[in-house]
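Close look at the chain arrangement
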Amino acid sequence: MRRLIALVLPLLFSGAPAFAAAPKPTPSSAHTHASSHASQGRASRDREPTPKSPVSVKLSSIHPAGYLRANSTLHVTGRMINQSESGYQRVSVRLRFRSQPMANRGELETYADGKGLDPQQAGPQRLAAASLPVGGQQSWSVSLKVRQMGLSTFGVYPISVEVLSAAGTVLGHVRTFVTYYPAGSSPQKTKVAWVWPIIDQPHRADDSTFVDDGLERQLGSGGRLSNLVAAAARTTTQVSWLLDPSLVEDATRMGDTDGYSIKGTSRPQSVAANDWLRSLHAAVTAPGDRLIATPYADPDVMALAQHGMSDDVKFAAQQGTRTLATAGLSGATPEVAMPPDGLADQATLSSLVASGSRTILLSSSVLPDSRAATYTVDPVAHKMVSGTNVRLVAYDDTLRKILATPTTEPGGTIAAEQRFLAETAMITGEAPQKSRTIVITPPRRWNPSPAFAKAVLYYTSKMPWMQAVPLGAAENTPAAGRVFQAQKDSGLSKNYLRQVRDLRSRVRQFTSIFTSAASGFTLGIARTESSAWNGQSRKGTKLRDTLTDELDHDIGKIKVLNDGITMAGRSGRTAITISNGLDHGTVVVTLRAYSQNKTRLRVDSVNRTLRLEPGHKDQVTLDMKASANGIAYVNLELLAPDGRPFGTGPHVLHVRTTAYGRTALLITGVSLAVLFVGVAIRVVRRRAERAEESVE
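Below: a short report on this structure. Not measured: the values here are computed from a predicted model. (Residues numbered from 1 in each chain as written. Predicted model: local features only at pLDDT ≥ 70, side-chain atom pairs only at ≥ 80, totals over all residues. Heavy atoms only, no water.)

Here we come to the overall build of the protein chain. Looking only at helices and strands, the protein chain has 19 helices and 28 strands in total. A separation threshold of at least 6 residues defines the contact pool for the protein chain, and within that pool the share at least 24 residues apart is 76%. Within the structure as shown, the protein chain displays about 34300 Å² of accessible surface, and the carbon and sulfur contribution to it stands at 52%. (Helix = DSSP H or I, 4+ residues; strand = E, 2+ residues; numbered from the N terminus. Contact = heavy atoms within 4.5 Å. Areas by Shrake-Rupley, 256 points an atom, 1.4 Å probe, with all protein chains shown as cover.)

Below, the structure is given as structure tokens:
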């Protein structure tokens, strides 16, 4: 113990000056530490999920649908679910409302995002459930006469429905909007042009290889693509169809009488695909509707333009209109383009203009109003792009986000409908005496509930503050002070596109050997460049790898059949057989042969071009001269018309030579001569011996 104290005390005393010299925290450093802790606390709180309310509240219906009149009675119904760990007695509901309309779209968005307080005015409470046990559900309804709400002018009004405990504690609530349109209102209607996307992801790698069976479900009854076509086909609202030609081609291939193949597994002819194609043809040819073709497979135009692959965009645009025409959908125009997510930079615009586009639809976030007007302005701006005057047309990004909200969940459809009605009414109400035009387009691969898809088109034609117009009407509005703001981010990565570029080079070379200069892999490259792979890189990589495997497989079918020969003698001639094992496609190739070691084996040059029909073979005679015994190797390469070899590498021919060189022949001759001389000497001696014996 004494030893321990003797060791510790000197350490404490020696450390005392250091402790005494330690500076006190300065105000700035103390503030820094405090700020750090505060920041950590805030970050921690930000990461915490928003606490859920004890009772979840969902909307089921709002009546009257669309808008209220002065003599209307507002009916709101819904459902509540007790998601807490406690039961409640005598649960009631009540409606909160405000008598003043919302002032602008910003206020509307803030309220929709759940910020701020609910409206202060409240209607009477109504008992909804005598008891609500844990996990229990209960339907509810509230009603209130419009005259009691004090609504007076056309506009959008916030409302909410609260669920209350017996003690008056708010257990949960749901927010929404109603639009009031009294008799005698006469605002200038907002003209609405719809662009209706029918776009999916590519489902084939090369032209004959489907990589999945996901399209069948989407085309069938109740599927996403089936619902979208049906919704727009059964409305009086004019739409412009934004159609991906590769989707039409995929469906056409599935509808072939011979069926189709998924990963080598045969499938029968798809009835769903043919039914969908018939409904699509009938829908897009409706009077007043317009057909707009995306470039084939809807490529990520911005990423391709940024990485020097604009030629692929031009090819896809040209191929897109050809594909639709082949499918009987003539009249599709590439003059109108809408890059994925409505984003673009200068290179993107130049790429689209080079592809034939003269009207380019962009997000309103890319084309903001430079004058900061207090109302939504017309969508058009003009810009010189590569020496061409181009119309840039903004679609409303806020409405696009509203359309993107989930509507297949309980309460989703009615909530989204009310927000859509409120947003469009607010646009009209911002400047009710000024006629304006907006463009609305859902997300590219939109998946709404069928009811919501039908409702937004119905409301566009039936609500008194909107008027449906064709897209051409929006294109022809005067420029309204919008300015183009180039974007920086793109979807497909540089590394991904580098590998696509390498694969494209191989496909082009393979394609060049066919007499028609076409193969089933050319459009496969376009499929790997689809915007569908933005955020889905694993799926894009899978399709690209499948395309690579199929390409290697087909390249391997055009090959040299010889593996090895034996050459007896100093020189020899052998026939080299080249085979085209493909099921279709006549190819033109040239054989090049060269020795790996010219001092051992010399190969006379050949330059014969072969034309091979599918399933056929042909031969080329090869002359060789050996200078040594043993095994020598000859490289056999098949050349494309441009003189470059194609395939994974040269085919190696093993040549076993058993020839004799000059030295070997001389040694053999001398040996034979010595042998003959020896034999002759022995014969002469034997005869001499016999002669001597006879004399004796």
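The next point concerns the packing of aromatic side chains. Taken as a whole, this structure holds 15 aromatic pairs when the rule is applied. Measuring from centroid to centroid gives 5.2 Å for phenylalanine 154 and tyrosine 181, while their planes differ by 75°, and the two rings are edge-to-face. Taken together, the residues phenylalanine 154 in the loop between helix H4 (146-149) and strand E7 (155-164) and tyrosine 181 in the loop between strand E8 (170-180) and strand E9 (190-198) connect sequence positions 27 residues apart. Among the residues examined, tyrosine 181 registers a relative accessible area of 6% and is labelled buried. Among the aromatic residues, those joined into a ring-pair cluster are Trp194, Trp196, Phe420, Trp446 and Phe452. Lying across the ring of phenylalanine 210, arginine 204 places its NZ or CZ 5.9 Å from the centre. (Phe/Tyr/Trp six-rings, centres within 6.5 Å; stacked < 30°, edge-to-face > 60°. Buried < 20%, exposed > 50% of the residue type's maximum accessible area, 1.4 Å probe, protein only. Lys NZ or Arg CZ within 6 Å of the ring centre and 35° of its normal.)

Read from one edge of the open sheet, 4 strands run E14-E15-E17-E16, paired in mixed fashion. In the strand order of this sheet, the two ends are held by strand E14 (336-337) and strand E16 (380-385), each with one partner. The sheet contact formed by E14 and strand E15 (residues 359-363) spans 2 bridges and is parallel. Bridge pairing in E15 links alanine 337 to isoleucine 360. Set on the sheet, helix H11 (residues 346-354) makes contact with E14, E15, E16 and strand E17 (388-395); between it and E16 the angle comes to about 80°. (Pairing = 2+ DSSP bridges. Axes fitted to C-alpha atoms, helices over the stretch in contact; angles between N-to-C directions.)

The subject of this paragraph is the packing of helix H16 (residues 494-512) against helix H18 (residues 537-555). Here H16 crosses H18 at 25°, and the two axes come no closer than 11 Å. Classified by the interaxial angle, the pair formed by H16 and H18 is roughly parallel. Regarding H16 and H18, the two cross each other, and that crossing is left-handed. Of the residues in H18, those in contact with Tyr496, Gln499, Val500, Leu503, Arg506, Val507 and Phe510 of H16 are Gly540, Thr541, Arg544, Leu547, Thr548, Leu551, Asp552, Asp554 and Ile555. In terms of residue class, the contact of H16 with H18 is built from 8 nonpolar, 4 polar and 4 charged. (Parallel < 35°, antiparallel > 145°, perpendicular 65-115°, else oblique. Left-handed = near helix turned anticlockwise from the far one by under 90°. Nonpolar A, V, L, I, M, F, W, Y, C, P; charged D, E, K, R; others polar.)

This next bit is on the sheet that holds strand E22 (residues 571-580). One open sheet holds the 4 strands; their spatial order is E20-E22-E26-E24, and the pairing between them is antiparallel. Edge positions in the sheet fall to strand E20 (558-560) and strand E24 (601-603), since each has one partner strand and no second. Within this sheet the neighbouring strands show an average axis-to-axis angle of 30°, counted without direction. Here 3 bridges tie E20 to E22, and the two strands are oriented antiparallel to one another. Within the sheet, the bridge partner assigned to lysine 559 lies in E22 and is serine 579.

Counting buried positions along helix H6 (residues 224-233) gives 9 out of 10 residues, so the element sits mostly inside the fold. Within H6, burial applies to Arg224, Leu225, Ser226, Asn227, Leu228, Val229, Ala230, Ala231 and Ala232. The inward-facing, buried residues of H6 contact E9, helix H5 (214-219), strand E10 (239-243), helix H7 (245-254), helix H8 (271-284) and helix H14 (450-462).

What follows concerns the side chain of glutamate 417. The residue glutamate 417 is located in helix H13 (residues 412-430) in this model. Of the side chains with opposite charge, lysine 454 lies nearest to the buried glutamate 417, which makes no salt bridge, at 11 Å. (Lys, Arg positive; Asp, Glu negative; His and termini not counted. Salt bridge = Lys/Arg side-chain N within 4 Å of Asp/Glu carboxyl O.)

Here the idea is simple: oppositely charged side chains can pair when their charged atoms come close. If you walk through the whole model with that rule in mind, you get 33 salt bridges. For aspartate 397, the salt bridge is made with lysine 401, and the minimal N-O distance between the two is 3.4 Å. In this pair, aspartate 397 and lysine 401 both sit in helix H12 (residues 397-404), 4 residues apart, roughly one turn of the helix. Note on aspartate 397: relative accessible area 12%, which makes it buried.

Position of alanine 193 relative to the elements: it lies in strand E9. Accessibility expressed as a relative area gives 0% for alanine 193, which makes it buried. Taking the C-alpha atoms as reference points, alanine 193 and glutamine 467, separated by 274 residues in sequence, lie 8.7 Å from one another. With residues near it in sequence (within four places) discarded, alanine 193 still touches Ile438, Val439, Ile440, Val469, Pro470, Leu471 and Ala474.

Regular strands place side chains that alternate from one sheet face to the opposite one. Here strand E21 (residues 564-567) shows a clear split, with Ile565 and Met567 buried on one side and none of Gly564 and Thr566 buried on the other. The pairing of E21 with strand E28 (residues 651-657) spans 4 bridges and is parallel. Within E28, the position partnered with glycine 564 by the bridge is histidine 654.

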